[in-house]
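Fold and geometry: a report
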Amino acid sequence: LKFVTIGNNVTSIGNAAFRNCFNFIDIQFYAGSSKLQIIGEFAFEGAGFSSITIPSTVQNIGRYAFVGCMLMTTVIFESWSQLTFNGIGTTVFLSSGLTSFSAPQSVLTAFGITAGYGKTVGGKTGVTVTQIADTGTNPRGLGSFDGDTG
């Protein structure tokens, strides 16, 4: 297994789904139309890809989801991410090769980090963290005045 495209109707990647797929070098999601909500525990443990862009629809990332992904240097979260603090498992990036982490402010807040150099992200130290802007239209249709009854 070397290349995987996760279909736009997939809502969950199960626990240990791609565990120890060392030859797994590329994963793609349907940008803007993904319905993925859950990345399970140990889902990509030891996988061989170098980067991943996590769809905005992901709400939960299980503990140790990317543990041991030694070749994975870059993680990018799409704009308008639905991930929250309660949706992040412990040490998701432990023992990975992560050096670059880019995400909107909501994800940085969920991880309890700020932009900068030498940060610890999900159990991985020495990471450069970059805040990206939420661009385009919010796919959830939420605006700053939603719910205003005034």
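Digging into the pairing of strand S10 (residues 124-132)
- Pairing analysis gives five bridges linking strand S8 (residues 100-104) to S10, with the strands arranged parallel. Paired with Pro 104 across the strands is Ile 132, a residue of S10.
- Both strand S9 (residues 116-121) and S10 contribute to a ladder of three bridges, which runs antiparallel. Across the sheet, Val 121 pairs through a bridge with Lys 124, a residue of S10.
- Hairpin remark: S9 followed by S10, antiparallel, with two residues in the connecting loop; positive phi at Gly 122, about 55 degrees.

Some words on the sheet that holds S8
- Strand order in the open sheet made by the five strands is S5-S7-S8-S10-S9, with mixed pairing throughout. Strand pairing shows two members of the sheet lacking a second neighbour, strand S5 (51-54) and S9, which therefore form its edges. Each neighbouring strand pair of the sheet contributes to a mean axis angle of 30 degrees, computed without reference to strand direction.

Conventions and cut-offs
- Residues numbered from 1 in each chain as written.
- Predicted model: local features only at pLDDT ≥ 70, side-chain atom pairs only at ≥ 80, totals over all residues.
- Heavy atoms only, no water.
- Pairing = 2+ DSSP bridges.
- Helix = DSSP H or I, 4+ residues; strand = E, 2+ residues; numbered from the N terminus.
- Axes fitted to C-alpha atoms, helices over the stretch in contact; angles between N-to-C directions.

Don't take any of this as a statement about function, it's just geometry.
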